[in-house]
Structures are given as structure tokens and as C-alpha cells.
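Chain residues, written in single-letter form:
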Amino acid sequence: MDLVLNLADDYLLDKVWARLLPLDGHLPYASLSTANFTSITYLQQSAWPRDYIPRQIVSLSVITLMGIHILYFLFAWLSYKFIFNHEMMSHPRFLEKQVKQEIQCSLRAFPAMTLLTLPWFQAEVMGYSKLYDNVEEYGWTYLVLSVPFFLFFTDYGIYWVHRLLHHPNLYRTFHKPHHKWIIPTPFASHAFHPVDGYLQSVPYHLFIFIFPLHRWLYLGLFVFVNFWSILIHDSDMVTGHALEKVINGPAHHTLHHLYFTVNYGQYFTWADRVGGSYRQPESSLDPMLEIKKQS
């Protein structure tokens, strides 16, 4: 997020803050340094400089809210339009006006999730993470291997967070709202209690405070994980493909929504296999069969 904030400051927010809170009698200067960047400067300055924490918090809040809305509606709409099987909306357990309810639930969750996530983003902006810019610092081999490392680390972390959220003491309050969607659409991907959504995001934030990761790669992976979360909520039960026993795809997550206590993983099946919660997708479990019975 420090990268996004720096770019936003360079091309927009410096001007916005200078207009909202101008610094009277200032002098132009050549460069402006933050924890991680030396940046473009403007002759007009704000009374709230870039390293002023209240400004950073407000800027991060706005950027995060705008970003999650754009990612959610863009990817969920694309998946809903071109991938999701609309016949699934005839399933007896598909709720009346469910898509509208999923969107409303997501929009209610976003502000609180943003507030909960801000300390991670603020720490990142202040330079406490292990994000780096120069590929040569750790080499190309590490850069490439850091992708599967990130996915395996976060997958295992999410597996246990997700499984703990199914504990009776936590489930009713925090995770049950997401399981309202027995036959989910892509718009259900972010339709959960904000504490649920935040807790399942913690492994993504934690990783960069423990292990080095290239700054641009982290941004790309952050977009990818949001896309993947949307993709696995399309109620697809395509089975028999080569990676079915390795990748935790839409069919696996469809079974999770149908049966609740199986397939907690995010990307891979190995954590579920080790934890004894794996259920193999089979054509006989396809919720589409229930629709065909009614036809």
C-alpha cells in the first residue's frame, strides 16, 4: 500500500491536500522523502505533509475503500457475467433477491474492514515491512520462488483462521453470515461479517512483515487474491480436471458452502488433506442435479 499511496500522492493527492489545507508562505523545494520513496514535488504545498500520520490515515482510508469497491464490482461482475451459471439461481436454496443481499452485505462490511486493516497499511507506509524495490537485493531466484512461498504461507494461514471461525463459539457471530449463501454467486465473495473478512486477510499482511517481498509483486498478488476469492464463489462444479486434487478451486469451495465443514483452504488442497477436512468434488454432488430434479 505504500507504493499505491506514493503514486496517489505524486499524481493526485499532493494537489488535493494542498487545495484543502494549503501551507501559507511556503517555499518550493526540490525533493520530498518518505519512509520508502523520493518523490515528485509541487510548488504548492499542504500544511499536512506526506509524512504527517493523520494525512496518511485519511489518504489510506480513501484509497482502500475506492480500491476494494473497484476490485469487487469489476471482478465480481465479470465472473457473474461470463463464468457464473445463471441456472444456479433456480436452485431451491438460492435466496430471493440474493444477489442484491450479497452486494448489500459486502458494502456494509467494507468500511469496518478498512478500519481494521489500516494499522497494517500504516505500518507498511512507515517502513516497517520487508517490502523491497531492487530485484538484485535478493535475486531473481528469490523473486520467482517468493510467489509460491507467499501462496503456500497464506493458504495455510487462511486454512486455520477459516477453520477456527467454524468453532461454535465464533461461528454464529462472525462466520455464519457468509454461510447464508448456500449457493453463492461471485458477489458473495466479500459478503461476510467484517471481522471474518479481516481475520482471513491477516496472513496476507503478516507475510510482508516476516519475509522480504518485492513491492510491485506484492501489489500484483494482492489483486490476484481478491480475484481468486471471487472466482471460487461461482458455484461451479466442473470435475475431473488434472489439477483437481491439488488446486482448491470453485468446485471445492462450492462443497464448502453446501456442507460447511470441508475444504477450508484458499488455493490448495494440501492443508485440508493434512487436517482431515478434504472432500473430493464429484459430479454426483453437483447442486445442478437438484435443479434438474425440479424440471
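It should be noted that the structure appears before, not after, this text.
Right, let's walk through the structure included here. (Residues numbered from 1 in each chain as written. Predicted model: local features only at pLDDT ≥ 70, side-chain atom pairs only at ≥ 80, totals over all residues. Heavy atoms only, no water.)

**A few points about the environment of Ile183**
Alright, step 1. By the secondary structure assignment, Ile183 is in the loop between helix 5 (168-175) and helix 6 (194-210).
Alright, step 2. Judged by relative accessible area, which is 1%, Ile183 ranks as buried.
Alright, step 3. Non-local contacts of Ile183, meaning those with residues more than four positions away in its chain, are made with Met88, His91, Arg93, Phe94, Gln98, Ser235, Leu258 and Pro287. (Helix = DSSP H or I, 4+ residues; strand = E, 2+ residues; numbered from the N terminus. Buried < 20%, exposed > 50% of the residue type's maximum accessible area, 1.4 Å probe, protein only. Contact = heavy atoms within 4.5 Å.)

**A few points about the environment of Pro92**
Alright, step 1. Along the polypeptide, Pro92 turns up in the loop between helix 2 (53-82) and helix 3 (98-125).
Alright, step 2. Along the chain, Pro92 and Gln294 lie 202 residues apart, while their C-alpha atoms are 9.0 Å from each other.
Alright, step 3. Once residues within four sequence positions are removed from consideration, Pro92 is found in contact with Glu290 and Gln294.

**Observations regarding a nonpolar patch on the surface**
Alright, step 1. A contiguous nonpolar patch, built from Val58, Val62, Met66, Ile70, Leu74, Trp77, Leu78, Phe82 and Ile83 and spanning about 860 Å² of accessible area, is present on the exposed surface.
Alright, step 2. Along the chain, the position of Leu78 falls in helix 2.
Alright, step 3. A relative accessible area of 32% places Leu78 in the partly exposed class. (Patch = residues over 30% accessible without salt bridge, like charges linked within 9 Å, V, L, I, M, F, W, Y side chains within 5 Å. Areas by Shrake-Rupley, 256 points an atom, 1.4 Å probe, with all protein chains shown as cover. Salt bridge = Lys/Arg side-chain N within 4 Å of Asp/Glu carboxyl O.)

**Quick notes on the nonpolar core**
General note: in soluble globular proteins, nonpolar side chains tend to be found buried as a group.
Alright, step 1. If you look at the biggest cluster of nonpolar residues, it comprises 23 residues, and the most contacted ones within it are Met88, Phe187 and Leu255.
Alright, step 2. Those elements that place two or more of their residues in this core are helix 2, helix 3, helix 8 (250-259) and helix 10 (288-294).
Alright, step 3. Apart from the residues lying within four places of it in its own chain, the contact partners of Leu255 are Met237, Phe260, Val262, Asn263, Arg279, Gln280, Pro281 and Leu285.
Alright, step 4. With 16 residues, the next largest nonpolar core counts Leu151, Leu213, Ile232 and Tyr267 among its residues. (Core = buried A, V, L, I, M, F, W, Y, C linked by side-chain atoms within 4.5 Å.)

**A few points about the pattern of salt bridges**
Alright, step 1. This model, assessed by the stated rule, comprises 7 salt bridges.
Alright, step 2. Close ionic contact of Asp133 with Arg215 constitutes a salt bridge, the shortest N to O distance being 2.7 Å. One end of the pair, Asp133, is in the loop between strand 3 (131-132) and helix 4 (139-165); the other, Arg215, is in helix 7 (residues 215-231), with 82 residues separating them in the sequence.
Alright, step 3. Judged by relative accessible area, Asp133 falls into the partly exposed class, the value being 40%.
Alright, step 4. Salt bridges here are not isolated pairs; linked through shared partners, they connect Asp9, Asp10, Asp14, Arg50 and Arg55.

**Section: the side chain of Asn248**
Alright, step 1. For Asn248, the location among the structural elements is in the loop between helix 7 and helix 8.
Alright, step 2. Here Gly265 takes part through its backbone oxygen, which lies 2.9 Å from a polar atom of the side chain of Asn248.
Alright, step 3. Ignoring sequence-local partners within four residues, the contact set of Asn248 consists of Trp228, Ile232, Asn263, Gly265, Gln266, Tyr267, Phe268, Thr269 and Asp272. (Polar contact = N/O pair within 3.5 Å; in protein donor to acceptor, adjacent residues only side chain to side chain.)

**Examining the packing of helix 4 against helix 7**
Alright, step 1. Interaxial distance between helix 4 and helix 7 falls to 11 Å at its minimum, and their mutual angle equals 35°. In this structure, helix 4 crosses over helix 7, and the sense of that crossing is right-handed. Taken together, the residues of helix 7 that come into contact with helix 4 (itself represented by Leu143, Ser146, Val147, Phe150 and Leu151) are Leu217, Tyr218, Leu221, Phe224 and Val225.
Alright, step 2. Partitioned by chemical class, the residues of the contact of helix 4 with helix 7 number 9 nonpolar, 1 polar and no charged. (Axes fitted to C-alpha atoms, helices over the stretch in contact; angles between N-to-C directions. Left-handed = near helix turned anticlockwise from the far one by under 90°. Nonpolar A, V, L, I, M, F, W, Y, C, P; charged D, E, K, R; others polar.)

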